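# Observations on the three-dimensional arrangement
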Amino acid sequence: MSSEIAAERLLSAADSADPDQAARLTFRAFVALSRTADAHQLLPLVSRAREAHHASRSTRTALIHHTLTGIAATRAGRADGPEHLDTAVRIFDENAFGTDPVLVECALTAVLTLMRPQQARRLAPLVDALDLVPADRARLTALVGVGDAWAGNLVRGQAELREAARLAALCDSLDVQAEATSWLAKCDALRGDLDLAAAHLDQARELAARVGSAWVARHLPECTAALAFARGDWDAWAGLLELVVATDTGVTAGLQHEHRWELATHHALAGRAAVAADVLAGVDDPPASWPGGPALPAWRAWILAPDSPSAMADLAASLGGLTRPVEQLLAARIAWLLGAHHGRAGRRGEAARLLEQACAGYARTGAAGLLALVLTDLRLLGDRPGGAAHADAAPSAASGGPASSAGPAPAPASRAVDPAPSDEPPAGGAVAAFVRWDGQPALTDAEARVAAVIADGLSNREAAQRLFVSVKTIEFHLGNIFRKLGVRNRTELAARRARTG
């Protein structure tokens, strides 16, 4: 049954129900439509919930009314959304509603819409204790999973989203399966499970098309961008980020500022100062209460003057304000950007400190795929002599690596050598030998890292452990490496590296 038909039947039943039951049926209709409808299609449900509450005046109908009003207002860009959602959370916390599946889902949806994903964790035990049909359990498990992943627990979030997608598939809840699978694809990419991420993206696209999910379709480009980075596909990432910024993708997760700041950083570090300024022009900094808000003004100032010592110092100092769980990935990202920039300028002490800070952040959140990329920059730092950076050193991955929101930016040429823009894939040290050989097409950065460790004699499993990815990912990259470089086996790969690097 389509979500629209299911919603129509629920609303028809609400017409003849008492106010309390009418409010519950209206919320269930919202749930049925929320993954396929646009914001304006939800507004009639808000009116119904308000009418039911005015007729009942119970705390239960108040919770439903404020939840639906807050969600619809937030999706429509209205300023009164957070106030309604705060009221809904307060009502839930002040009453013993933990055994009511509808009201638990109201609270879960409210905290996520308020961009407080860490609060989903306190509601998870209530979800576990509820006696739910499989479709409802799939939906609530997906909400808890995205909350955990968004709040920086990627390991737990990935596991919960897998379970949500499995449950949804068993009960043919294609809309929930599409949503959970799309979120899972981004988790997979950040965790370094590239093959799984690609498979889940394809599956999410197909599922979204089968149910006509405008909601899932809206954030798929953001998930695709994360995978493009993990693969080292900088051209694809740049195009995707332009799309993400143009369409305001990520607005529901509060990431639209990070997307824009990432795009501006990409242009600034490639020497396109005017373009970077244009990307930020006319866009105000968010309030400090916004996720990442304490650091975004300093990040803007650094984008506009990337070689300014004071701008770099201010941005590094702003990291101390990123203390909320939802800000962990962003804090690691900014530390990575600054550390790599210091490294390119030969400031090895600052570079090492900040890159280690980024490594710790990614390790803490379970972002193994991102951690592997920061390690490339640490190795590049070790390849440089103790004084200044090599004048011809290749740019590092953090010249535009993956943000918590959008993924990587293409790496620019070293500003000290050539201010002209460059979208060459980043590499350094042993990895650099595999980037462009004898006029052959360049390997991606991810392929170059795999080629380097395989040429050193590591097995596929050892390479996977070294690079924090799956064995299947190593096998996938090896096939591309052999084809691009015209070698037939690992021995020829090692010999080729010995001749060129």
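For the structure itself, look to the data block above.
All figures in this text were calculated on a predicted structure; none of them were measured in a lab. (Residues numbered from 1 in each chain as written. Predicted model: local features only at pLDDT ≥ 70, side-chain atom pairs only at ≥ 80, totals over all residues. Heavy atoms only, no water.)

## Side note on the nonpolar core
- Formed by 117 residues in total, the largest nonpolar core has its most connected members in W299, W302, I334 and Y362.
- Residues in contact with I334, not counting those within four places in the same chain, are A295, W299, L315, L319 and L322. (Core = buried A, V, L, I, M, F, W, Y, C linked by side-chain atoms within 4.5 Å. Buried < 20%, exposed > 50% of the residue type's maximum accessible area, 1.4 Å probe, protein only. Contact = heavy atoms within 4.5 Å.)

## Side note on the packing of aromatic side chains
- Summed over all chains, the structure comprises 2 aromatic pairs.
- Each ring, one from F27 and one from F30, has its centre 5.7 Å from the other, and the planes form 40 degrees; the classification is tilted. Separated by 3 residues within a single helix, F27 and F30 lie in helix 2 (residues 19-33), roughly one turn from each other.
- Relative accessible area serves as the criterion here: at 0%, F27 is assigned to the buried category.
- Judged by centre distance (6.0 Å) and plane angle (85 degrees), the ring pair of W336 and Y362 falls under edge-to-face. Taken together, the residues span a long stretch of sequence, with W336 in helix 18 (residues 328-344) and Y362 in helix 19 (residues 348-365) at a distance of 26 residues.
- The class for Y362 is buried, based on a relative accessible area of 1%.
- We note R333 situated over the ring of W336; from NZ or CZ to the ring centre the distance is 5.8 Å. (Phe/Tyr/Trp six-rings, centres within 6.5 Å; stacked < 30°, edge-to-face > 60°. Helix = DSSP H or I, 4+ residues; strand = E, 2+ residues; numbered from the N terminus. Lys NZ or Arg CZ within 6 Å of the ring centre and 35° of its normal.)

## Some words on unusual backbone geometry
- Unlike most non-glycine residues, R57 shows phi in positive territory, near 60 degrees.
- You can see R57 is positioned in the loop between helix 3 (39-56) and helix 4 (59-75).
- One non-glycine residue with positive phi stands out, namely M115, at about 60 degrees.
- Note on placement: M115 falls in the loop between helix 6 (101-113) and helix 7 (120-129).

## With respect to the environment of V469
- The residue V469 is located in the loop between helix 22 (460-467) and helix 23 (471-485) in this model.
- Sequence separation between V469 and A372 is 97 residues, and the spatial gap between their C-alpha atoms is 8.2 Å.

## A look at the pattern of salt bridges
- In total, this model carries 22 salt bridges according to the counting rule given.
- For R48, the salt bridge goes to D15, with nearest N and O atoms at 3.1 Å. Taken as a pair, R48 in helix 3 and D15 in helix 1 (residues 3-15) lie far apart in primary sequence, 33 residues in all.
- In this structure, the salt-bridge partner of R333 is E262, at a minimum N-O distance of 2.6 Å. Of this pair, R333 sits in helix 18 while E262 is found in helix 14 (residues 256-269), placing the two residues 71 residues apart along the sequence.
- Under the relative-accessibility criterion, R333 is labelled buried at 0%.
- Looking at E262, the relative accessible area reads 0%, which means it is buried. (Salt bridge = Lys/Arg side-chain N within 4 Å of Asp/Glu carboxyl O.)

## Digging into helix 1
- End to end, helix 1 covers 19 Å across 13 residues, agreeing with the expected 18 Å (1.5 Å per residue, within 8%).
- Among all positions in helix 1, only S3, A6, A7, L10, L11 and A14 are buried. The buried residues of helix 1 occupy an angular sector of 130 degrees when projected down its axis, which confines them to one face. Opposite the packed face of helix 1, turned more than 90 degrees from it, sit the exposed residues E8, R9 and D15. (Expected span 1.5 Å × (residues − 1). Arc of directions from axis to C-beta.)

## Here's the deal with the packing of helix 10 (residues 174-191) against helix 12 (residues 214-230)
- The contact between helix 10 and helix 12 brings their axes to 8 Å, and the two run at 20 degrees. When the interaxial angle is binned, helix 10 and helix 12 end up roughly parallel. Handedness of the crossing formed by helix 10 with helix 12: left-handed. Listed contacts from helix 12 to A178, E179, S182, W183, K186 and A189 of helix 10 are W215, V216, H219, L220, E222, C223, A226, L227 and A230.
- Residues of the contact of helix 10 with helix 12, tallied by class, amount to 10 nonpolar, 2 polar and 3 charged. (Axes fitted to C-alpha atoms, helices over the stretch in contact; angles between N-to-C directions. Parallel < 35°, antiparallel > 145°, perpendicular 65-115°, else oblique. Left-handed = near helix turned anticlockwise from the far one by under 90°. Nonpolar A, V, L, I, M, F, W, Y, C, P; charged D, E, K, R; others polar.)

The analysis is restricted to geometry; functional conclusions fall outside its scope.
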